[in-house]
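# Structural overview for review
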Amino acid sequence: VLRQSPLENPLNNPFWFRHLTSSLLAVAFLTSFGSSMLYGYNLAVVNSPAVYIKDFYNRTSVSRNGTGLDGEALTLMYSLTVSVFAIGGLLGSLMVGMLVTRFGRKGTVVNSTVLVFIAGSLMGFSRICGSPEMVIFGRFVTGIHSGISLSVVPMYLGEIAPKNLRGFLGLVPSLFICAGVFSAQILGLHEILGKEDHWPLFLSLVVIPTFIQLMLLPWFPESPRYLLIEKHNVHATIIALKWYRAKCNIQSEIEEMQEEQRSLSSVETVSVWRLILDPLCFTIEKLGRRPLIIGGFLVMGFCCAGITLSLVLQVHLPFMRYVSVGCVVGIIAGFCIGPAGVPFLITAELFKQSHRPAAYTVGGSLNWISNFTVGFVFPFLQMSAGSYCYLVFCCVCLAVAAFVFFVIPETKNKTFVEISQMFASKEAVPETQGLGHPDQLKLRKMNGYGTLENGSLEFDSSSSVP
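So, here is what we can say about the structure in this document.

Thresholds, definitions, all that
- Residues numbered from 1 in each chain as written.
- Predicted model: local features only at pLDDT ≥ 70, side-chain atom pairs only at ≥ 80, totals over all residues.
- Heavy atoms only, no water.
- Helix = DSSP H or I, 4+ residues; strand = E, 2+ residues; numbered from the N terminus.
- Buried < 20%, exposed > 50% of the residue type's maximum accessible area, 1.4 Å probe, protein only.
- Contact = heavy atoms within 4.5 Å.
- Areas by Shrake-Rupley, 256 points an atom, 1.4 Å probe, with all protein chains shown as cover.
- Phe/Tyr/Trp six-rings, centres within 6.5 Å; stacked < 30°, edge-to-face > 60°.
- Arc of directions from axis to C-beta.
- Polar contact = N/O pair within 3.5 Å; in protein donor to acceptor, adjacent residues only side chain to side chain.
- Patch = residues over 30% accessible without salt bridge, like charges linked within 9 Å, V, L, I, M, F, W, Y side chains within 5 Å.
- Salt bridge = Lys/Arg side-chain N within 4 Å of Asp/Glu carboxyl O.
- Core = buried A, V, L, I, M, F, W, Y, C linked by side-chain atoms within 4.5 Å.

## Considering the overall build of the protein chain
Summing up its helical and strand segments, the protein chain has 20 helices and 2 strands in all. Residue burial in the protein chain is summarised as follows: out of 466 residues, 50% are buried. Across the protein chain, the fraction of contacts at a sequence separation of at least 24, relative to all contacts at a separation of at least 6, is 80%. Accessible surface for the protein chain amounts to roughly 21700 Å². Of this, 67% is attributable to carbon and sulfur atoms.

## Observations concerning the packing of aromatic side chains
Enumeration over the complete set of coordinates arrives at 11 aromatic pairs. Relative to Phe 85, the ring of Tyr 39 lies with its centre 6.4 Å away and its plane at 25°, an arrangement referred to as stacked. Of the two residues, Tyr 39 sits in helix α1 (residues 22–44) while Phe 85 sits in helix α3 (residues 71–103), which places them 46 residues apart along the sequence. There is no split in this pair, since Tyr 39 and Phe 85 are both buried.

## Notes on helix α12 (residues 234–244)
For α12, every residue scored as buried is listed here: Ala 236, Thr 237, Ala 240, Leu 241 and Tyr 244. Down the axis of α12, the sector holding all buried residues measures 135°, keeping them to one side. What points out from α12, more than 90 degrees from its buried face, is the exposed set His 235 and Lys 242. Where α12 begins, one side-chain oxygen reaches toward the backbone nitrogen of His 235, 3.4 Å away; that side chain belongs to Asn 233.

## What about the environment of Phe 85?
Since its relative accessible area comes to 1%, Phe 85 is described here as buried. Considering only alpha carbons, one finds Phe 85 and Gly 138, 53 residues apart in sequence, at a separation of 8.6 Å. Discounting chain neighbours no more than four positions away, the residues touching Phe 85 are Tyr 39, Asn 42, Leu 43, Arg 139, Thr 142, Gly 143, Ser 146 and Trp 368.

## Quick notes on a nonpolar patch on the surface
Judged by side-chain polarity, Ile 208, Phe 211, Ile 212, Met 215 and Leu 216 come together as a nonpolar surface patch covering roughly 450 Å² of accessible area. Relative to the assigned elements, Ile 212 resides in helix α10 (residues 207–216). Judged by its relative accessible area of 35%, Ile 212 is partly exposed.

## Overview of the nonpolar core
Here is a general trend for soluble globular proteins: nonpolar side chains tend to be buried in one another's company. Counting residues in hydrophobic clusters, the biggest one holds 55 residues, and the most contacted among them are Val 27, Tyr 41, Tyr 57, Ile 160, Leu 203 and Tyr 244. Contributions of two or more residues to this core are made by α1, α2 (50–65), α3, α4 (105–111), α5 (113–124), α7 (132–160), α8 (166–187) and α9 (199–204). Among the elements that take part in this core, α7 stands out by supplying 11 residues, more than any other. Excluding anything up to four places from it in sequence, Val 27 contacts Tyr 156, Leu 157, Ile 160, Leu 217, Phe 220 and Tyr 244.

## A word on the pattern of salt bridges
For the structure on display, the rule yields 6 salt bridges. Asp 55 is paired through a salt bridge with Arg 59; the nearest N and O atoms lie 2.9 Å apart. You can see Asp 55 and its partner Arg 59 sitting in helix α2, 4 residues apart, about one turn around the helix. Assessed through its relative accessible area of 41%, Arg 59 is described here as partly exposed.

The following block contains the structure:
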């Protein structure tokens, strides 16, 4: 049984912030500002200049073919521009496992910045070149970058953070995702960059935060857990821990990593296909950060219902248009509370080092497939269902909140090994019945999900039965 001291909870410990070093904060803000924020920015950046982008597509068609595009063709082209970002994200998420193994966590974040500069150049010069293809391909390339960073940044922060700060640092990317959405909404105002002449610049602004990240992030060390467990470099691990930790004994943390390394000595790195086919991957889903996820999806669900109600009634009640604005803000706030970042934080906590890249690949792929579906289908759903199209999202949000409430328990402030042992103890309960006191059993061998393999229990002769 894993017992937690009240002081292990950062909310109960008034000195928890002493573990928060300037290096941890700097890495969290740099990776989130230069990578995670771009995801939120690119989600919303095409909304404000939609009319100008469609007009650019139409004028290009006239200059090339002598005829313009009809309304349905323009909607299809614009839907492709929006949803191709998700196709790129899907491709990027499928590359995560290979990239983080070869280049490391920080190395992947740094090397992937070249994609942003390529995408920014394509979108920024698209109107000068008279090429709608450059806009679409630029969106695709920046989607690849977002697909990579959306998985790698939480993985990197989850591995460099001490256990009592993992939740705090894990939520920093979600805050910057919401900041990116908000920035796109503000910069898209007509008084700023919402004019027809400025939309290529508006799309290409993503290069600025990435450039700042590229200048500063390489000076910080790689993930200590990656250096020790995968690269077996003890010296580099100690140096990295001294960067990321306050004046404290790092020996216990190194021993915890070595314990996980020993548990992985007989476990090979898992591929995406094997992770999907392994039935034990479904037992690992019984862990989560319940309040943030439940609260966030409930807020989003009720606000989606509120938007539908306000759109239906605003013809008769003019003040309902302000209610709809409030509901839009509520959806962004609910997204920021939990759904924006907590699922990626949970992925880092649930899976051991050998399974983590494949888990992020699966989770990221599902996220981007859903993103593509919404981006491509929503314009047509809005045309057919009108004001009631938001009820679809309301039902999805409430269903996810109910699933988390009834299925997923809460856990926090646990090391990766402790989380594995917790699941191992759950799997061991049926096998220990009739064998005496549970303390007589010692967990000897765990697979990648923290569950016992067959025949991996042995009696601990040093224990006594009361």
